[in-house]
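# Descriptive analysis of the structure
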Amino acid sequence: SQQGEEDPQALSIQEGENATMNCSYKTSINNLQWYRQNSGRGLVHLILIRSNEREKHSGRLRVTLDTSKKSSSLLITASRAADTASYFCATAGLNTGNQFYFGTGTSLTVIP
Amino acid sequence: EPEVTQTPSHQVTQMGQEVILRCVPISNHLYFYWYRQILGQKVEFLVSFYNNEISEKSEIFDDQFSVERPDGSNFTLKIRSTKLEDSAMYFCASSEDSAYNEQFFGPGTRLTVL
């Protein structure tokens, strides 16, 4: 199974602090993507990082990828209450280009 | 900004009934997907669809499931005889060029099987 696993499962921080979530996966990938899901809502794409990339930035988001460790991290800087959501990583394998495997997610709560 | 839409937002059905969940992908996208998320669990891949045929499917996507693109805009998921365990959120997604690029998700249809 290629499913990613995030940790921690739940994270609670104060507004203004940074939040770091980690994702591990099992097989070689073409890319890894991070999504946000607000409670009971759809998935919002945040950032895509390809297997030949090590770091990407998008606004307050910073994603790293370590293919040797089969892991990725998502850093949200200067968190806001509106960042409260579940965050998932999803991987696209080398030979399963049209399948996407989601992790279990990290539930982030940002306290105002 | 273009977005994926899904209807209905909530579907309640009796066990054994057929349901059809509808999606309108982003217009210039070529790849379409269905996922499901049982309450409190991870999002699970069901099927991908390209060039009017299934390109990949998971073990979950058994003979009770089928997908169709009946016209140039809609993409449907049919469950022939629903079971209690089919209760979940069903998400449609589309991408320009396979899972090697970002997938855009719809808001989901909550299916409740009684």
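Residues numbered from 1 in each chain as written. Chains lettered and ligands numbered in written order. Predicted model: local features only at pLDDT ≥ 70, side-chain atom pairs only at ≥ 80, totals over all residues. Heavy atoms only, no water.

With that settled, the discussion passes to the state of the cysteines. A covalent bond between the sulfur atoms of two cysteines is referred to as a disulfide. In this structure the tally under the stated criterion is two disulfides over all chains. The disulfide partner of A:Cys23 is A:Cys89, and the gap between their sulfur atoms is 2.0 Å. Its S-S torsion of about 70° marks the bond between A:Cys23 and A:Cys89 as right-handed, since a negative value means left-handed. Pair noted here: A:Cys23 is in strand E3 (residues 19–24) and A:Cys89 is in strand E9 (residues 85–93), with a separation of 66 residues, a long-range link. Residue A:Cys23 is classed as buried on the basis of its relative accessible area of 2%. In this model B:Cys23 forms its disulfide with B:Cys92; the gap between the sulfur atoms is 1.9 Å. Between B:Cys23 and B:Cys92 the disulfide shows an S-S torsion of about -60°. By sign, it is left-handed. Separated by 69 residues along the polypeptide, B:Cys23 in strand E3 (residues 19–24) and B:Cys92 in strand E9 (residues 88–95) bring together distant segments of the chain. The exposure classification of B:Cys23 matches that of B:Cys92, with both residues buried. (Disulfide = S-S within 2.5 Å. Helix = DSSP H or I, 4+ residues; strand = E, 2+ residues; numbered from the N terminus. Buried < 20%, exposed > 50% of the residue type's maximum accessible area, 1.4 Å probe, protein only.)

This part takes up the pattern of salt bridges. Residue and element names in this part refer to chain A. In the structure shown here, the tally under the stated rule is three salt bridges over all chains. As a salt-bridge pair, Glu55 and Arg62 come within 3.1 Å of each other at their nearest N and O atoms. On the basis of relative accessibility, which here comes to 39%, the residue Glu55 falls in the partly exposed class. According to the relative accessible area criterion, Arg62 is partly exposed, its value standing at 30%. (Salt bridge = Lys/Arg side-chain N within 4 Å of Asp/Glu carboxyl O.)

Next up on the list: the sheet that holds strand E7 (residues 65–68) of chain B. The strands making up a sheet are joined through hydrogen bonds of the backbone, oriented either antiparallel or parallel. Residues and elements named next belong to chain B. Here four strands make up an open sheet; going across it, the order is E1-E3-E8-E7 and the pairing antiparallel. Edge positions in the open sheet fall to strand E1 (5–7) and E7, since each of these has one partner strand only. The mean inter-strand angle of the sheet, taken between neighbouring strand axes irrespective of direction, is 20°. When E1 meets E3, the two strands line up antiparallel, connected through three bridges. The residue of E3 that forms the bridge with Gln6 is Cys23. (Pairing = 2+ DSSP bridges. Axes fitted to C-alpha atoms, helices over the stretch in contact; angles between N-to-C directions.)

In this assembly, 27 residues from chain A lie in contact with 22 residues from chain B. Here chain A and chain B share zero salt bridges between them. Looking at the side of chain A that touches chain B, the element that brings in the most residues is strand E4 (residues 29–37) of chain A, giving five residues. Partitioning the side of chain A that touches chain B into residue classes produces eight nonpolar, 16 polar and three charged. (Contact = heavy atoms within 4.5 Å. Nonpolar A, V, L, I, M, F, W, Y, C, P; charged D, E, K, R; others polar.)

Scored by pLDDT, chain A comes out at a mean of 90, with 94% of its residues at no less than 70. Strand E7 (residues 61–66) of chain A holds the highest mean pLDDT among the elements of chain A, 98, whereas strand E1 (residues 5–7) of chain A holds the lowest, 82. (pLDDT = per-residue confidence, 0-100.)

Moving on to the packing of aromatic side chains. Taken as a whole and assessed by the stated rule, the structure comprises 13 aromatic pairs over all chains. Ring centres of A:Phe88 and A:Phe102 lie 6.5 Å apart, and the angle between their planes is 75°; this geometry places the pair in the edge-to-face category. You can see A:Phe88 sitting in strand E9 and its partner A:Phe102 sitting in strand E10 (residues 101–102), a full 14 residues away along the chain. In this structure A:Phe102 comes out as buried when scored by relative accessible area, which is 1%. When the centroid spacing of 5.2 Å and the interplanar angle of 45° are considered together, the rings of B:Tyr35 and B:Phe105 count as tilted. Note that B:Tyr35 is positioned in strand E4 (residues 31–37) and B:Phe105 in strand E10 (residues 104–105), a separation of 70 residues in sequence. When sorted by exposure, B:Tyr35 lands in the same class as B:Phe105, which is buried. Every member of this aromatic cluster is reached through a ring pair, and the members are A:Tyr35, A:Phe88, A:Phe102, B:Tyr33, B:Tyr35, B:Phe45 and B:Phe105. (Phe/Tyr/Trp six-rings, centres within 6.5 Å; stacked < 30°, edge-to-face > 60°.)

Within the secondary structure, A:Thr64 is located in strand E7. At 2.6 Å, the side chain of A:Thr64 forms a polar contact with the side chain of A:Ser73. (Polar contact = N/O pair within 3.5 Å; in protein donor to acceptor, adjacent residues only side chain to side chain.)

Right, let's get into the environment of B:Arg80. All names here are of chain B. With respect to the element layout, Arg80 can be found in the loop between strand E8 (75–79) and E9. Accessibility expressed as a relative area gives 39% for Arg80, which makes it partly exposed. Separated by eleven residues in the primary sequence, Arg80 and Arg69 place their C-alpha atoms 17 Å from one another. At a separation of 2.4 Å, a polar atom in the side chain of Arg80 contacts the main-chain carbonyl oxygen of Asp63.

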